[in-house]
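Now for the letters of each chain:
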Amino acid sequence: MRARQAGISLGLGTPGPFNAITDVPGVRVGHSTLKTEIDGKQVRTGVTLIQPRAGHARLQPCFAGCHVLNGNGDATGLEWIREAGTLTTPIAITNTHSVGVVRDALIALEREELADPSVYWCMPVVMETFDGLLNDIWGQHVGPQQVREASALAESGPVAEGAVGGGTGMICHEFKGGIGTASRRLAPEQGGYTVGALVQANHGKREELRVDGYPVGRQLRDIVSPFAERGTPGMGSIVVILATDAPLLPHQCQRLAQRASVGIARTGGGTEDSSGDIFLAFATGNRDLPAADYARKDLGFTSPLAMLNNDHISPLFSAAAEAVEEAIINALLAGEPMTSEDGVQVPALTPQILRNALQLSGWNNKQVPEN
């Protein structure tokens, strides 16, 4: 059950039809999930892959920008995005110790798909969070086959949430976390653009959890924390991908990425030294950008571009903050209880538990349409 299905509306904006990052036209998401036992070790991990356009990312780049709220994390490919302002590959999310193999697999996959010996190089974007409490992270069980599966399964429409793909073994606010997504569609007088968010939520302390502005975490302290036996509350990370069909330039994408911080703060996160909080935003509103083919000599000197005037960008910022906020809560509500191989229990935040905590915090039930 998602937040709106549980009668919990967040913010003032209107979600898109799927209430997911895939409401941005052309964006597709695929998961490959590993839930198995290997050599007596519990494996709970995977890969989530985001395709930014309906076509190949290298042949149809889009403008992008990134932001780091707290840098206790890793990501590949972001320096070139900061420098050049374009996203030219899919985005993959996995666990901390699998970044390298996922990056290498994306390079091999691109070489196969393009079959063009003149292509110089590939610099994929791969992001991560740590799943070592529930997953044998040192075993490095993610391999090229998971990347290929996530790529093959990438599609538009509803997005699976919770313990799927890269989010399989993640913990959020001391409950089972993982993948979450949401979107906001602006009114026609605001441009009619869509902003979608996808998070891999593996962060936060329980007592600081807030939902719709209410400090529900204070009502949930009696539920046993997985970190009571091992680890430190709040340890972990969150990565956020924001997508929009607005015609943003790279510096505006960076500004949009910064607003993920607002959504995280609204749910009580963003204050931990041990959290890698890294965000990427891309915009598909400018089409026909030059292909990322550095060997070609026949490209023109200029490209026609559109830019959303900054006087009209504030609604996009608000939409991004709301979408991230709701995506985190959706990730929590999609969680199911999970136990580590050494017996550590990670509870789920069920809709009923959350609604009870909200009511104890003074929240009044809101009737909202289901999405």
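The rules behind each value
- Residues numbered from 1 in each chain as written.
- Predicted model: local features only at pLDDT ≥ 70, side-chain atom pairs only at ≥ 80, totals over all residues.
- Heavy atoms only, no water.
- Helix = DSSP H or I, 4+ residues; strand = E, 2+ residues; numbered from the N terminus.
- Buried < 20%, exposed > 50% of the residue type's maximum accessible area, 1.4 Å probe, protein only.
- Polar contact = N/O pair within 3.5 Å; in protein donor to acceptor, adjacent residues only side chain to side chain.
- Contact = heavy atoms within 4.5 Å.
- Pairing = 2+ DSSP bridges.
- Axes fitted to C-alpha atoms, helices over the stretch in contact; angles between N-to-C directions.
- Patch = residues over 30% accessible without salt bridge, like charges linked within 9 Å, V, L, I, M, F, W, Y side chains within 5 Å.
- Areas by Shrake-Rupley, 256 points an atom, 1.4 Å probe, with all protein chains shown as cover.
- Salt bridge = Lys/Arg side-chain N within 4 Å of Asp/Glu carboxyl O.
- Arc of directions from axis to C-beta.

What to know about unusual backbone geometry
Then, number 1: Positive phi is not limited to glycine here, since D39 has a value of about 55°.
Then, number 2: Residue placement: D39 occurs in the loop between β1 (28-38) and β2 (41-51).
Then, number 3: Look at D39 and you get exposed, because its relative accessible area is 76%.
Then, number 4: Located in the positive-phi region is H173, a residue other than glycine, with phi close to 50°.

Overview of the side chain of E161
Then, number 1: Along the chain, E161 falls in the loop between α3 (144-153) and β8 (171-172).
Then, number 2: At 2.8 Å, the side chain of E161 forms a polar contact with the side chain of R2.
Then, number 3: From its side chain, E161 meets the backbone nitrogen of T181 in a polar contact 3.0 Å long.
Then, number 4: Non-local contacts of E161, meaning those with residues more than four positions away in its chain, are made with R2, I179, G180, T181, N330 and A334.

What about the sheet that holds β1?
Then, number 1: With mixed pairing, 5 strands are arranged side by side in an open sheet as β1-β2-β6-β7-β4. Looking at the sheet topology across the chains shown, the edges are occupied by β1 and β4 (75-76).
Then, number 2: Both β1 and β2 contribute to a ladder of 11 bridges, which runs antiparallel. Paired with E37 across the strands is Q42, a residue of β2.
Then, number 3: Sheet strands touched by helix α2 (residues 99-114): β2, β4, β6 (91-95) and β7 (125-129). Its angle to β7, the strand with the most contacts, is close to 155°.

Regarding a nonpolar patch on the surface
Then, number 1: On the surface, Y120, W121 and M123 cluster together into a nonpolar patch covering about 310 Å² of accessible area.
Then, number 2: Following the sequence through the fold, Y120 ends up in the loop between α2 and β7.

Considering the environment of D212
Then, number 1: By secondary structure assignment, the location of D212 is in the loop between β11 (194-204) and β12 (234-244).
Then, number 2: Once the C-alpha coordinates of D212 and A319 are considered, the two residues, 107 residues apart in sequence, prove to be 15 Å apart.
Then, number 3: Side chain to side chain, D212 and W363 meet in a polar contact 3.5 Å long.

Let's talk about helix α4 (residues 250-258)
Then, number 1: All of the buried residues in α4 are Q252, C253, L256 and A257. The buried side chains of α4 occupy one side of the element, clustering within an arc of 145° when seen end-on.

Examining the pattern of salt bridges
Then, number 1: Using the criterion set out here, one finds 14 salt bridges in the structure.
Then, number 2: Put simply, E207 and R221 hold a salt bridge, and the shortest N to O gap is 3.9 Å. Here E207 is found in the loop between β11 and β12, whereas its partner R221 is found in the loop between β11 and β12, with 14 residues between them in sequence.
Then, number 3: On the accessibility criterion, R221 (52% relative accessible area) is exposed.
Then, number 4: Measuring nitrogen to oxygen at the nearest pair gives 3.6 Å for the salt bridge that ties R266 to E325. Taken together, the residues R266 in helix α5 (residues 260-266) and E325 in helix α6 (residues 314-333) connect sequence positions 59 residues apart.
Then, number 5: For R266, a relative accessible area of 34% gives the class partly exposed.
Then, number 6: A single salt-bridge network, built from bridges that share partners, covers R4, R184, E322 and E326.

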